[in-house]
Amino acid sequence: QAPGEPLIRLDAVSFGYRLGAPVLRGASLAFARGEFVAIIGSNGSGKSTLMKLILGLLKPSGGRVLIDGLDTRRAKVSELARRIGFIFQEPNDQLFAGSVVDEIRFGLKNLGLGEAEVAARAEAALEQFGLAGLRDTFPRFLARGDKQKLCIAAIVAMRPQVLLLDEPTTGQDHRDARQIMELAEALNAQGITILLVTHDMANVARYARRVVVVNDGAVVADGPAAAVMADAALLDACHLAPPQITRLALALADLGVPPALTPEALAASLG
């Protein structure tokens, strides 16, 4: 990869299943190292397809996807997995080992690391994610928030450059959801590029610095979070709830104001 090149680049990418209409049409995007980007869109908009193209699970019908200079049409998924970590929406889809520590060790062993390095990275991950006291626990017995933390720990131990989070707070209570998002924020501060695919506009407002909007198979907006979220007409056209009032409510959260989606709800909470 040339210096200054984006870490992820999509050049006029299209994708369609053989018998159907294109699911994604002419998407061009670039993501730099260290960004925190939210990818939003209603169900069926094409954002899941976009995510799978970035991961290399799907190959573009037209255009190309480059990850750290690697063309996904020619790269092995295992090569891409060293660069991009993917966190499933449902933690149980990702957990299969007999203990927390073995869950973390599995990916490290797959990288072909020596035993000393595997052990050192596993111990560091247990400490970093507050899981040391659960090291021998069967992962399926963990609370949902701890399951999600373990999924992230297992990926981060492999030292990816990018972490792609698919609806990471779905089904989480408020405390666990906030913990997961603050963890993503902390990892971003350490230099990991975060791509967040989510319906949770409050989290977009609070954490993302850039927002990409996908609608009907096309990228229809891409810009600073505040600018995109202030465009109520655009979001409405994409069947997304305008979040500017949520942003205002979150800015007042320290005063005890709960999140609100309408001016009336915010006015009521202010009494």
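One can find the structure itself at the top, above this paragraph.
A quick note: this is a predicted structure, and the numbers were derived from the prediction, not measured.

Asker: Which residues make up the overall build of the protein chain, and what are the values?
Answerer: Looking only at helices and strands, the protein chain features 11 helices and 10 strands. Here the C-alpha atoms of the protein chain give a radius of gyration of 19 Å, agreeing with the 18 Å that 2.2 N^0.38 yields for 271 residues. Taken over the C-alpha atoms alone, the protein chain extends approximately 55 × 50 × 40 Å along its principal axes. Taken across its 271 residues, the protein chain has 49% of its residues classed as buried. Of the contacts made within the protein chain by residues no fewer than 6 positions apart, 62% connect residues no fewer than 24 positions apart. The centroid of the 28 positive side-chain charges in the protein chain is displaced by 7 Å from the centroid of its 29 negative side-chain charges.

Asker: Can you tell me about the side chain of serine 42, naming the residues and giving the values?
Answerer: Among the secondary structure elements, serine 42 is positioned in the loop between strand E3 (36–40) and helix H1 (47–55). What serine 42 contacts, discounting residues up to four positions off in sequence, is Lys47, His199, Val214, Asn215, Cys238, His239 and Leu240.

Asker: Provide a residue-level description of the pattern of salt bridges, including the pertinent values.
Answerer: Taken as a whole and assessed by the stated rule, the structure comprises 17 salt bridges. Here arginine 9 and glutamate 5 are joined by a salt bridge, their closest N and O atoms 2.7 Å apart. Look at glutamate 5 and you get partly exposed, because its relative accessible area is 34%. Across the pair arginine 33 and aspartate 68 runs a salt bridge whose closest N-O atoms are separated by 3.2 Å. Here the residue arginine 33 occupies a position in the loop between strand E2 (24–31) and E3, and aspartate 68 occupies one in the loop between strand E4 (62–67) and strand E5 (70–71), the gap between them amounting to 35 residues. Residue classification places arginine 33 among the partly exposed residues on the basis of a relative accessible area of 48%. Aspartate 68 sits in the buried class, given a relative accessible area of 16%. Where salt bridges share partners, they join Glu5, Arg9, Asp11 and Arg64 into one cluster.

Asker: Hey, could you go over the packing of aromatic side chains for me, with residue numbers and the actual values?
Answerer: Here the structure, examined in full by the defined rule, presents 4 aromatic pairs. The interplanar angle of 90° and the centroid separation of 4.8 Å between the aromatic rings of phenylalanine 15 and tyrosine 17 together place this pair among those described as edge-to-face. Residue tyrosine 17 is classed as partly exposed on the basis of its relative accessible area, which comes to 45%. On the basis of an interplanar angle of 50° and a centroid distance of 5.0 Å, the ring pair of phenylalanine 86 and phenylalanine 88 is categorised as tilted.

Asker: Any details on helix H4 (residues 115–128)? Residues and values, ideally.
Answerer: The first and last C-alpha atoms of H4 sit 20 Å apart over 14 residues, in line with the 20 Å expected at 1.5 Å per residue. Listed as buried for H4 are Val118, Arg121, Ala122, Ala125 and Leu126. Angular distribution of buried residues about the axis of H4 spans 140°; they occupy a single face of the element. Projecting away from the buried face of H4 at angles above 90 degrees are the exposed residues Ala116 and Glu127. Of the surrounding elements, those touching the buried residues of H4 are helix H3 (100–110) and helix H5 (144–156).

Asker: Before we move on, can you summarise the sheet that holds E4 with the specific residues and values?
Answerer: Taken together, 4 strands build an open sheet; the order of strands is E2-E1-E4-E5 and the sheet is antiparallel. Each edge of the sheet is formed by a strand with only one pairing partner; in this case those strands are E2 and E5. Contacts from H1 reach strand E1 (8–15), E2 and E4 within the one sheet, and its direction differs from that of E1 by about 125°.

Asker: Can you explain the packing of H3 against H4? Please cite residues and give values.
Answerer: As a packed pair, H3 and H4 sit with axes 9 Å apart at the nearest point and diverge in direction by 135°. One way to sum up the angle between H3 and H4 is to call them oblique. With respect to the hand of their crossing, H3 and H4 are arranged in right-handed fashion. Of the residues in H4, those in contact with Val100, Val101, Ile104, Arg105, Leu108 and Lys109 of H3 are Glu115, Val118, Ala119, Arg121, Ala122, Glu123, Ala125 and Leu126. Considered class by class, the residues forming the contact of H3 with H4 number 9 nonpolar, no polar and 5 charged.

Basis of the calculations
Here the residue numbering is sequential within each chain, running from 1 through the sequence in written order. pLDDT decides what is reported in this predicted model: residues at 70 or higher carry local features, side-chain atom pairs at 80 or more are listed and counted, and totals for whole chains, interfaces and linings draw on all residues regardless. As a rule here, side-chain values cover all heavy atoms of the structure and leave hydrogens and water aside. Per the convention used, a helix needs a DSSP run of H or I reaching at least four residues, while a strand needs a run of E reaching at least two, with both numbered from the N terminus. This radius of gyration counts C-alpha atoms alone. The globule rule is 2.2 Å times how many residues there are, raised to the power 0.38. The buried label goes to any residue with under 20% of its type's maximum accessible area, the exposed label to any with over 50%, and the partly exposed label to all in between, with areas taken from a 1.4 Å probe on protein chains only. Two residues form a contact once any of their heavy atoms are found within 4.5 Å. The charge count treats Lys and Arg as positive and Asp and Glu as negative. His and the chain ends do not count. The atoms used to mark charge sites are NZ of Lys, CZ of Arg, CG of Asp and CD of Glu. Salt bridge, as applied in this entry: a Lys or Arg side-chain nitrogen positioned within 4 Å of an Asp or Glu carboxyl oxygen. Ring pairs shown here join Phe, Tyr and Trp side chains whose ring centres sit within 6.5 Å, with only the six-membered ring taken for Trp; geometry is labelled stacked below 30 degrees between planes, edge-to-face above 60, and tilted in between. Between the first and last residue of a helix there are one fewer steps than residues, each counted as 1.5 Å, and that sum is the expected span. Here the arc refers to the directions that run from the helix axis out to each C-beta atom. The pairing criterion is simple: DSSP has to find at least two bridges between the two strands. A fitted line through C-alpha atoms represents every axis, and for helices the fit uses only the stretch in contact; the resulting angles, taken between N-to-C directions, go from 0 to 180 degrees. An angle below 35 degrees is read as roughly parallel, one above 145 as roughly antiparallel, one from 65 to 115 as roughly perpendicular, and any other as oblique. Crossing handedness follows the turn of the near helix against the far one: under a right angle anticlockwise gives a left-handed crossing, and clockwise gives a right-handed one. Asp, Glu, Lys and Arg are counted as charged, while Ala, Val, Leu, Ile, Met, Phe, Trp, Tyr, Cys and Pro are counted as nonpolar; the rest, among them Gly, fall into the polar class.

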